Amino acid sequence: MWLLPLLWGCEDDALMNPEKLKVEAAITPASAFNSNTGAIDVTLSGGEAPYYYFWSNGATTEDVTGLYAGTYTLRLVYGKSGAATFTFQVGQPSQPVLN
């Protein structure tokens, strides 16, 4: 009976102040000119779960593959009210020169 007031009064700094969200991305360029072999591998740390991913190409997964060269935007919604937008550039080799 004495434990209930102690549990309600307990505060944990980690729960009240979660670590700031950090995003790292490993970008794989397309392997040939105009091919869809690029990828973006996102790694998150901090922030507060749950995490929801909304990519400019329509994907809703953490990582995306099968990408052509170009700019891709990730809208990340997390925790109770967090949101952030990130932009990534997928490259490709130069266009071959025709003789």
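Residues numbered from 1 in each chain as written. Predicted model: local features only at pLDDT ≥ 70, side-chain atom pairs only at ≥ 80, totals over all residues. Heavy atoms only, no water.

S.K.: Report on the packing of aromatic side chains, specifying residues and quantitative values.
M.R.: Enumeration according to the criterion identifies one aromatic pair in this entry. Taking 5.8 Å as the distance between ring centres and 40° as the angle between the ring planes, the aromatic pair formed by tryptophan 55 and phenylalanine 88 counts as tilted. Of this pair, tryptophan 55 sits in strand S3 (residues 51-55) while phenylalanine 88 is found in strand S6 (residues 82-90), placing the two residues 33 residues apart along the sequence. For the pair tryptophan 55 and phenylalanine 88, a shared accessibility class is recorded, and that class is buried. (Phe/Tyr/Trp six-rings, centres within 6.5 Å; stacked < 30°, edge-to-face > 60°. Helix = DSSP H or I, 4+ residues; strand = E, 2+ residues; numbered from the N terminus. Buried < 20%, exposed > 50% of the residue type's maximum accessible area, 1.4 Å probe, protein only.)

S.K.: Outline a nonpolar patch on the surface, supporting the account with residue identities and numerical values.
M.R.: A cluster of nonpolar side chains, contributed by Tyr52, Phe54 and Val77, occupies part of the molecular surface with about 270 Å² of accessible area. One can find valine 77 in strand S5 (residues 70-78). A relative accessible area of 30% places valine 77 in the partly exposed class. (Patch = residues over 30% accessible without salt bridge, like charges linked within 9 Å, V, L, I, M, F, W, Y side chains within 5 Å. Areas by Shrake-Rupley, 256 points an atom, 1.4 Å probe, with all protein chains shown as cover. Salt bridge = Lys/Arg side-chain N within 4 Å of Asp/Glu carboxyl O.)

S.K.: Before we move on, could you go through the sheet that holds S5 and cite the residues and values that matter?
M.R.: Adjacent strands of a sheet pair through backbone hydrogen bonds, lying either parallel or antiparallel. Ordered by their spatial adjacency, three strands build an open sheet running S3-S5-S6, and the pairing between neighbours is antiparallel. Edge positions in the sheet fall to S3 and S6, since each of these pairs with one other strand and no more. The sheet shows a mean angle of 20° between the axes of neighbouring strands, direction not considered. With five bridges joining them, S3 and S5 adopt antiparallel strand pairing. In the sheet register, tyrosine 52 faces S5, and the bridge partner there is valine 77. (Pairing = 2+ DSSP bridges. Axes fitted to C-alpha atoms, helices over the stretch in contact; angles between N-to-C directions.)

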